[in-house]
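Residue strings, one per chain:
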Amino acid sequence: MHREMAAALTAGAMLLLPAGAPVTGAAQEDVFFEDFSGSTLDPDKWLIAEKNWGGTVTENGVSADYNGGVIHENVAVRDGMLVLTGYGNEYEGALRGICRNGTRREDGRRCGGAVATRAYFASGSYEIRARIAPELGCCSAMWTFEYEEDYTDGLRVTNHEIDIEFPGRDAGDAFSLSHALCTTWVTEEDYRTRSVACGDQADGQFHTYRFDWHTGSDTEVPRVEYYFDGELLYTADAYIPTNAGRLWLGLWFPRYWAGTPDFERTVFEVDYLRITPFHESGDTPQNESYPDDGWYTGVPGDVNADGVCSVLDAVQLQKQLVRVPGTSLADWRAGDLYPDGVLDVRDLCCLRRRLIG
Ligand SMILES: [Ca+2]
Ligand SMILES: [Ca+2]
Ligand SMILES: [Ca+2]
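Summed over the entire model, instances satisfying the criterion amount to 17 salt bridges. Where Asp173 meets Arg169, a salt bridge forms, and the shortest distance between an N and an O atom there is 3.2 Å. Judged by relative accessible area, Arg169 falls into the partly exposed class, the value being 25%. Overlapping salt bridges, with partners in common, bring together Glu50, Glu73 and Arg104 in one network.

Here it is in structure tokens:
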């Protein structure tokens, strides 16, 4: 690239920074930015969750998971958006939710979608432009998450987390999409939630959600500042996490605290995510107990990420191995069928065998 062109692009990129963007000393290459402009979710940057959490209910005397978890079928990228779909109580389609034990359910009701960054981030400014699901009974959420179990002296759980969740509660304690639950956590018992009035978020418009996470330094007091459309509406100063976590975006179905999902289908759309690290001295590293559990692993061999393993994948993989110019794999990990973290002719042999067999 010509040096002038590079300089022009850099200048352009700086001019494109939105007004009110946080001013920090972070280098540009340090910023995580995703505008979902690709045709698929970049597997080098993102994990797709396939798991169930949220508790059980008793139906006809039998204990069952309340919701259908989150599944990869409910995660899509289109028109520059991450689209997370949720199916409510009126859904009668063919999708099947997932149980806590990993088996599929008999229906797809109360089943959503969620993704998380592959990388971990600590202190920083987290900004998300999104249009939340305009329904009660489901939760549009963005959160950092880091979870550890320590068995050295009985079970001790570390749960470092920062949440923005819809719906919140209004002054009369009713479910409200004009309020967000803003929570900071350090264990499952040590947390504080505030329901923050932030104006009607189910107005069909995109809004900007941001939290500035300060783990603390010589000049910064540990705190989390919550901004809605650029306006600081709440500052959390208790139970401030310090461990680096993954950033999650999800639409899921809480058991008691979001209302009843009396609808068939709804979506939570995310236009972009920007994480600008602060690298404060209060940052501590992640030490997750189960960093690799609960993720969709894709269709083995499906390197072009079209949902099936076919001869097209073998062609793509072969081109990649002989370095045909312009070849790139949408999901190289799906091609690592001889699982050693690299792609070579052994993977191609495995793929061919799979297609023949
Ligand atoms: Ca976008
Ligand atoms: Ca394929
Ligand atoms: Ca391999």
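For the rest of this paragraph, the subject is the sheet that holds strand 9 (residues 139-150). Taking strand neighbours across the sheet as the criterion, the seven strands line up as 2-7-18-9-10-13-14 in an open arrangement whose pairing is antiparallel. Each having just a single partner strand, strand 2 (46-48) and strand 14 (191-197) make up the two edges of the open sheet. Along the sheet, successive strands turn relative to each other by an average axial angle of 20 degrees, direction set aside. Here strand 2 pairs with strand 7 (residues 113-117) via three bridges, running antiparallel. Looking at strand 7, one finds that Ile48 is bridged to Val115.

This next bit is on the domain arrangement of the chain. Segmentation of the chain into domains returns domain 1 (23-277) and domain 2 (311-356). For domain 1 and domain 2, the distance between their C-alpha centres works out to 34 Å. Buried area between domain 1 and domain 2, summed over both chains or domains, comes out near 330 Å², and the portion from carbon and sulfur atoms is 39%. Where domain 1 touches domain 2, the interface holds one salt bridge. Among the salt bridges present, the one from Arg333 reaches Asp44, with a minimum N-O distance of 2.7 Å. Seen at the junction of domain 1 and domain 2, the total is three residue pairs in polar contact (both at pLDDT 80 or more). For the side of domain 1 that touches domain 2, the class distribution of residues is one nonpolar, one polar and two charged.

Taken together, Asp35 (O), Gly80 (O), Asp271 (O) and Asp271 (OD) make up the full set of protein donors to the calcium ion (ligand 1), lying 2.3 to 2.4 Å away. Here the donor residues of the calcium ion (ligand 1) are spaced in sequence according to D-x44-G-x190-D. In this pair, Asp35 sits in the loop between strand 1 (32-34) and strand 2 while Asp271 sits in strand 19 (residues 265-277), placing the two residues 236 residues apart along the sequence.

Quick look at helix 2 (residues 311-321) now. Asp313, Ala314 and Leu317 are the residues of helix 2 that are buried. Projected down its long axis, helix 2 carries its buried residues within an arc of 100 degrees, all on one side. In this structure, the buried side of helix 2 is in contact with helix 3 (345-356). Downstream of helix 2 by a residue or two, Arg323 has a phi angle that is positive, lying close to 60 degrees.

This paragraph deals with the packing of helix 2 against helix 3. One way to put it is that helix 2 packs onto helix 3 with a least axis distance of 10 Å and a crossing angle of 165 degrees. When the axis of helix 2 is compared with that of helix 3, the two are roughly antiparallel. Regarding helix 2 and helix 3, the two cross each other, and that crossing is left-handed. On helix 3, the residues that touch Val311, Asp313, Ala314, Leu317, Gln318 and Leu321 of helix 2 are Val345, Asp347, Leu348, Leu351, Arg352 and Leu355. Its residues assigned to classes, the contact of helix 2 with helix 3 comprises eight nonpolar, one polar and three charged.

Bringing the pairing of strand 5 (residues 75-78) into the picture now. Residues of strand 5 alternate between two faces, with Val75 and Val77 buried on one and Ala76 and Arg78 left unburied on the opposite face. Inspection of the sheet shows strand 5 paired to strand 6 (residues 81-87) by four bridges, in the antiparallel sense. The residue of strand 6 that forms the bridge with Ala76 is Val83. Once strand 5 ends, the chain turns through two residues before running back antiparallel as strand 6, passing Asp79 with a positive phi of about 55 degrees.

This part covers the coordination of the calcium ion (ligand 2). Around the calcium ion (ligand 2), the donor atoms from the protein are Asp302 (OD), Asn304 (OD1), Asp306 (OD), Val308 (O), Asp313 (OD) and Asp313 (OD), and they sit 2.2 to 2.5 Å away. Positions of the donor residues of the calcium ion (ligand 2) along the chain correspond to the pattern D-x1-N-x1-D-x1-V-x4-D. Take Asn304: its relative accessible area is 24%, and that puts it in the partly exposed class.

Volume-wise, the largest pocket comes out at about 1,200 Å³. Lining the largest pocket are 34 residues, and of these Trp53, Phe145, Asn159, Glu161 and Glu188 lie nearest its centre. Elements with a minimum of two residues in the lining of the largest pocket: strand 9, strand 10 (156-166), strand 13 (179-185), strand 14 and strand 18 (246-252). Of the residues that constitute the lining of the largest pocket, the class distribution is 15 nonpolar, seven polar and 12 charged. Of the volumes computed, that of the second largest pocket is approximately 870 Å³. As for the second largest pocket, its lining consists of 31 residues, of which Pro43, Ile48, Tyr296, Gly298 and Asp331 are closest to the centre. Breaking the lining of the second largest pocket down by element, the ones donating at least two residues are strand 2 and strand 5.

Definitions and cut-offs
Residues numbered from 1 in each chain as written. Chains lettered and ligands numbered in written order. Predicted model: local features only at pLDDT ≥ 70, side-chain atom pairs only at ≥ 80, totals over all residues. Heavy atoms only, no water. Salt bridge = Lys/Arg side-chain N within 4 Å of Asp/Glu carboxyl O. Buried < 20%, exposed > 50% of the residue type's maximum accessible area, 1.4 Å probe, protein only. Pairing = 2+ DSSP bridges. Helix = DSSP H or I, 4+ residues; strand = E, 2+ residues; numbered from the N terminus. Axes fitted to C-alpha atoms, helices over the stretch in contact; angles between N-to-C directions. Domains from an automatic or database assignment. Buried area = accessible area lost by both parts, 1.4 Å probe. Polar contact = N/O pair within 3.5 Å; in protein donor to acceptor, adjacent residues only side chain to side chain. Nonpolar A, V, L, I, M, F, W, Y, C, P; charged D, E, K, R; others polar. Donors = N, O, S within 2.8 Å, 3.2 Å for Na, K, Ca; no water. Arc of directions from axis to C-beta. Contact = heavy atoms within 4.5 Å. Parallel < 35°, antiparallel > 145°, perpendicular 65-115°, else oblique. Left-handed = near helix turned anticlockwise from the far one by under 90°. 1 Å grid on protein atoms, 1.4 Å probe; cavity = no way out; pocket = protein on both sides within 12 Å on 5 of 7 lines; lining within 4 Å. Points joined across faces, edges and corners; volume = space filled by probe spheres on them.

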